[in-house]
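Survey of secondary and tertiary structure
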Amino acid sequence: MIKNRIKIYPKIIIMGPQGSGKGTQAELIAKKLSVPKIATGEIYRENIRRKTKLGAMAARIINKGNLMPNEITNGIMTKELKKPDAKKGYLVDGYPRNIEQAECLEKIAMPNFVIFLGARMPIIIQRISKRRECGNCKAIYHLINRPPKKSEICDKCGNELVQREDDKSAAIKRRLQIFQTQTKPLIARYKKMGIFHSYDGEKPILFVQKQIFRDLKKEELI
Ligand code: AMP
């Protein structure tokens, strides 16, 4: 007997506190699944670099560790998810960050798999405060765990490494506080929907990645 199986496209949310390894996992998973990775934070940072009108507003808000208005973020996401390449699945990183955004996403393209990466507070603080980014190619380093060969210089392009303005102490505190109060409540929503999958973000990247792929297979999303 031939079994007719309808392909379900992976519609993935990756969430977790800053410094839980979210960005790294998002990059690897989107590449392996050949789905677009849409990261709201990256879109805002790109606008800041290009000095657009949106970038000027984003710089003021982001550098303090606050959230951009829902209306703007939802508008960006709606546009991105309506692009043809997002029709066969997507991975969103840094979105949704509150209930209103979650409702917006569900109206555009219902997610079917949520990856939550957890990590304890001291580990998060240690990871973020030592994080450096290449000012040019955006490669990410950690001064202790993944240091560049030459101090404060990017291995890939030779540019100077910088600390993200919102990785500095006061902004980190604010971002973590917003995560606890606004983003964490989404966990209950996704558990209820039966699409929530939690992983230990303190474990090595490849170990966590294997677990995620095992679960994506179980759900027949890959
Ligand atoms: P991230 O790189 O995801 O930590 O995002 C960096 C900053 O961009 C956040 O601290 C917010 O100021 C802004 N941002 C990113 N995603 C969102 C979102 N979904 N809603 C509101 N602001 C966001």
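Right above here is the structure, for reference.
Residues numbered from 1 in each chain as written. Predicted model: local features only at pLDDT ≥ 70, side-chain atom pairs only at ≥ 80, totals over all residues. Heavy atoms only, no water.

1. Comments concerning the sheet that holds strand β7 (residues 161-162)
Ordered in space as β6-β5-β7, the 3 strands form an open sheet in which the pairing is antiparallel. A strand with exactly one partner marks an edge of an open sheet, and here the two such strands are β6 (140-142) and β7. Sheet analysis places strand β5 (residues 131-134) next to β6, joined by 3 bridges and oriented antiparallel. By the bridge assignment for β6, Arg131 is matched with His142. (Pairing = 2+ DSSP bridges. Helix = DSSP H or I, 4+ residues; strand = E, 2+ residues; numbered from the N terminus.)

2. Some words on the site of the ligand
In the neighbourhood of the ligand, 16 residues make up the surrounding shell, with Thr40, Arg45, Asn66, Gly94 and Gln101 lying closest. Interatomic distance of 3.0 Å between a backbone N/O atom of Met68 and a nitrogen atom of the ligand. In the environment of the ligand, a nitrogen atom lies 2.9 Å from a nitrogen or oxygen atom belonging to the side chain of Arg97. Here the ligand has 470 Å² of accessible area as a free molecule, and 95% of this is covered by the chains. When residues of the shell around the ligand are assigned to their parent elements, the largest contribution, 4 residues, is made by helix α2 (residues 40-49). (Near = heavy atom within 4 Å. Polar contact = N/O pair within 3.5 Å; in protein donor to acceptor, adjacent residues only side chain to side chain. Areas by Shrake-Rupley, 256 points an atom, 1.4 Å probe, with all protein chains shown as cover.)

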